[in-house]
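Here is what each chain is made of, one letter per residue.
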Amino acid sequence: MSKLSHAQWSSRLTFILAATGSAVGLGNIWKFPYMVGDSGGAAFVLIYLLCIALVGLPILVAEWLIGRRGQNNPANAMADLAKSAGQPRIWMIVGISGILGAFLILSFYSVIGGWSLYYTLSSVTGAFSGQDADGIGELFNGMLGNPGLLLLGHSVFMLLVIGIVARGVTKGLEGAVRTLMPALGVLLLVLVGYGMTTGHFGEALGFMFNPDFGALDGGVVLAAMGQAFFTLSLGMGIMMAYGSYLGKEVNLLKTARTVIILDTVVALVAGLAIFPIVFANGLDLDSGPGLIFVTLPLAFGNMGGGVILGLLFFLLLTFAALTSAISLLEPVVEFVEERTPLSRIGSTLVAGAATWALGIAALLAFNVWSDVLILGFNVFDFLDTLTSKYLLPLTGLFAIIFVGWLLDREGVRQELQLGDTGAKIWTLVSRFIAPLGVIVVFVSSL
Ligand code: PFF
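Residues numbered from 1 in each chain as written. Predicted model: local features only at pLDDT ≥ 70, side-chain atom pairs only at ≥ 80, totals over all residues. Heavy atoms only, no water.

Per an unreviewed UniProt entry, the chain goes by the name Transporter and belongs to Halomonas elongata. The Sequence similarities (unreviewed entry) comment attached to the chain in UniProt states, word for word, "Belongs to the sodium:neurotransmitter symporter (SNF) (TC 2.A.22) family." As stated in UniProt under Subcellular location (unreviewed entry), the record for the chain gives "Membrane". (UniProt positions renumbered as here; feature names shortened; annotations may be inferred.)

Next comes the structure, spelled out in C-alpha cells:
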C-alpha cells in the first residue's frame, strides 16, 4: 500500500520548492486581491495574517508531521497513526475529506487556469494595447459570456495537468519552480513599480493596511480564514502527502516558516500591484473574480514593453497555477490508483476526466447557468464556498486536534526539536489557540 514510503525529497530545498509550488498559485495572485477588494480592505488583511500565523502555521506543521510519521497516503496515514494512538479508524476521514476537497477545488481552479491561458494569448495578439477600462472590461465579459471559449481554456489547462501527472514527472518540475517562481516575483515587483507611477499608490497602501474595523463581520472573518487555508494548500491532505516524502532531519517549524513567508509575500505584493490600478482607473474594488483580469491588462496595455511583460506575466501565472493544480490532482489519482485495478495512467485519466466534467458545471455558472443556484450560490461560488470556507478549515481543525491532543506529547516535542519554552508555546497553540480559532470563526460566522 505504501507506495510513498521509499521515496524521499533529495533535500530540504527541493521540499521547500515543491511545497511552495503547491502553495503559491492563483490563490495568491487571483483570489487574494479580489477577496481583499470584496471584503473592504485592511481589516480583512489583518485577520488573514492572524489566521496564517496562529492557525495556518501550526496546521501546516501538523499535516507534515502526520505525513512524515504515517509514511503513506493521507487516508492510510491517519488510519495508522490513529491506531497506534489507540484511536478509532474513523480518523481516516480526515484524509478522505481532504481528497474530496482537492477534487472539488481543482474543478473550478482549472476554469481560472483557462482564463489565464486565454489572457496569455490575448497579450500576444495585442488585445490590451491602448485599451481603456471599458475596452478591457468588454474583453473580460466577452470571455465570460462565451461558454465555448471557457470550455476550451478549461480543457487545455486540464489536459496539461493530466499530462504531467500521468507521466509522474511532478518532481521534475522543481527545477522549473526554482527559476520561474522568482521570475513571477520580479514581474509582480515591476507592476508594483508601475503602480507607484499612477499617483494612487498611497491610496492602495491605506486600503490594504489601514484597517477600518467597521467593515468587519463574521462573514469577512470566515472568508479570511478560508483564504488562509486555501492559499497554504491546507486541509486537503496535500501537505500530508508531501510530508510523507520528508526526511527525519528536516526541521518542520523552520521549513513551514519559510514556505509561509514566501506565500504571504507573494499575495501582499500582488495586492500592491493591483490596487493602485484600481484606484487610478476608478474601477470597482469589489469586481470579484475578474479583478486581476480587468486591472493588470490595463497596465500592460498602457506601459512601454507591455506586450512582452503581459505575455510573460500570464505565462508565469499559468505556470504557478499548473504547479498548484498538479498538487491537487495528485492525491485524487493516488486514491484511485490504490483502490482500483487501474494503472497510473488509467487512474489519472479517470480522476482528470471527473474533475474536468465538474469544471464544466463551474464554468457554465458565468453564462448559461447563471440562474442555477445551490443554497443561493451559483455552481462556481458554491464549490468555492463549500471547500474554502467549510471543508478545508474543518479538515484542518481535526488534523490539529489529532496532533495536539492525541499524539504523544513528548514524541511531538522531540520531532519538532522544541526546548522547554517552545514546547509550552506549541502546546498552547496546538491545543487551544489554533483549534479554538477555527471554532470561534465558524461560530461567529453563524
Ligand atoms: N494554494 C494554491 C493557491 O493558492 O493557488 C491552491 C491550492 C493548491 C489549494 C493545492 C489547495 C491545494 F491543495
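Moving on, there is more to tell.
**Q** Give a detailed account of the overall build of the chain, specifying residues and quantitative values.
**A** Scanning the chain for helices and strands turns up 18 helices and zero strands. Relative to a compact globule of 446 residues, whose C-alpha radius of gyration would be 22 Å, the chain shows 21 Å and is just as compact. A principal-axis box enclosing the C-alpha atoms of the chain has dimensions of 65 × 50 × 45 Å. A total of 446 residues make up the chain; the buried ones form 59% of that total. Counting contacts in the chain only where the partners sit at least 6 residues apart, residues at least 24 apart contribute 82% of the total. Surface summary for the chain: the accessible area is close to 16,600 Å², and the carbon and sulfur share equals 67%. (Helix = DSSP H or I, 4+ residues; strand = E, 2+ residues; numbered from the N terminus. Rg over C-alpha atoms; globule rule 2.2 N^0.38 Å. Buried < 20%, exposed > 50% of the residue type's maximum accessible area, 1.4 Å probe, protein only. Contact = heavy atoms within 4.5 Å. Areas by Shrake-Rupley, 256 points an atom, 1.4 Å probe, with all protein chains shown as cover.)

**Q** Explain the pattern of salt bridges to me, and be specific about the residues and the numbers.
**A** Pairing between side chains of opposite charge can happen when their charged atoms approach one another. Counting across every chain of the model gives seven salt bridges. The closest approach of N and O atoms between Glu415 and Arg68, which form a salt bridge, is 3.2 Å. With a gap of 347 residues between them, Glu415 in helix H17 (residues 409–415) and Arg68 in helix H3 (residues 42–70) connect regions that are remote in the sequence. Here Glu415 and Arg68 have matching classes, each one buried. Through salt bridges that share partners, Arg68, Arg69, Asp408 and Glu415 make up one connected network. (Salt bridge = Lys/Arg side-chain N within 4 Å of Asp/Glu carboxyl O.)

**Q** Tell me about the environment of Met303, and name the residues and values.
**A** Following the sequence through the fold, Met303 ends up in the loop between helix H13 (291–301) and helix H14 (306–339). Look at Met303 and you get buried, because its relative accessible area is 16%. For the pair Met303 and Leu342, spaced 39 residues apart in sequence, the C-alpha separation works out to 51 Å. Apart from residues lying up to four places away in sequence, Met303 is in contact with Val190, Leu191, Tyr194 and Leu309.

**Q** Can you tell me about the site of the ligand, naming the residues and giving the values?
**A** Taken together, 15 residues sit near the ligand, with Ala23, Gly27, Tyr109, Phe230 and Ile238 positioned nearest. Residue Ser22 places a main-chain N or O atom 3.2 Å away from a nitrogen atom belonging to the ligand. With the chains in place, 100% of the 340 Å² that the ligand exposes on its own is no longer accessible. Among the secondary structure elements, those contributing two or more residues to the shell around the ligand are helix H1 (12–23), helix H2 (26–38), helix H10 (218–231) and H14. Here the residues of the shell around the ligand are counted per class, giving seven nonpolar, eight polar and no charged. (Near = heavy atom within 4 Å. Polar contact = N/O pair within 3.5 Å; in protein donor to acceptor, adjacent residues only side chain to side chain. Nonpolar A, V, L, I, M, F, W, Y, C, P; charged D, E, K, R; others polar.)

**Q** Account for the nonpolar core, with residues named and values stated.
**A** Membership of the largest hydrophobic core comes to 159 residues, with the highest contact counts inside it found for Trp115 and Phe313. Residues within four places of Phe313 in sequence aside, it is in contact with Ile29, Leu184, Leu187, Leu188, Leu191, Leu296 and Phe300. (Core = buried A, V, L, I, M, F, W, Y, C linked by side-chain atoms within 4.5 Å.)

**Q** I'd like a rundown of the packing of H3 against helix H16 (residues 379–406), residues and numbers included.
**A** Running from N to C, H3 and H16 point in directions that differ by 70 degrees, and their axes come no closer than 9 Å. As the angle between them shows, H3 and H16 are arranged roughly perpendicular. Taken as a pair, H3 and H16 cross one another with a handedness that is left-handed. Contact with H3, carried on its side by Pro58, Ile59, Ala62, Glu63, Leu65 and Ile66, involves Gly396, Leu397, Ala399, Ile400, Phe402 and Val403 of H16 and no other residues of that element. Split by residue class, the contact of H3 with H16 holds ten nonpolar, one polar and one charged. (Axes fitted to C-alpha atoms, helices over the stretch in contact; angles between N-to-C directions. Parallel < 35°, antiparallel > 145°, perpendicular 65-115°, else oblique. Left-handed = near helix turned anticlockwise from the far one by under 90°.)

**Q** A description of unusual backbone geometry should follow, citing residues and the corresponding values.
**A** The backbone of Gln71 shows a phi angle near 50 degrees, a positive value even though the residue is not glycine. Assignment of secondary structure puts Gln71 in the loop between H3 and helix H4 (74–84). With a phi close to 50 degrees, Leu375 is a non-glycine residue in the positive phi region. Summarising the element assignment, Leu375 is placed in the loop between helix H15 (344–364) and H16. Overall, Leu375 belongs to the exposed group, its relative accessible area being 73%.

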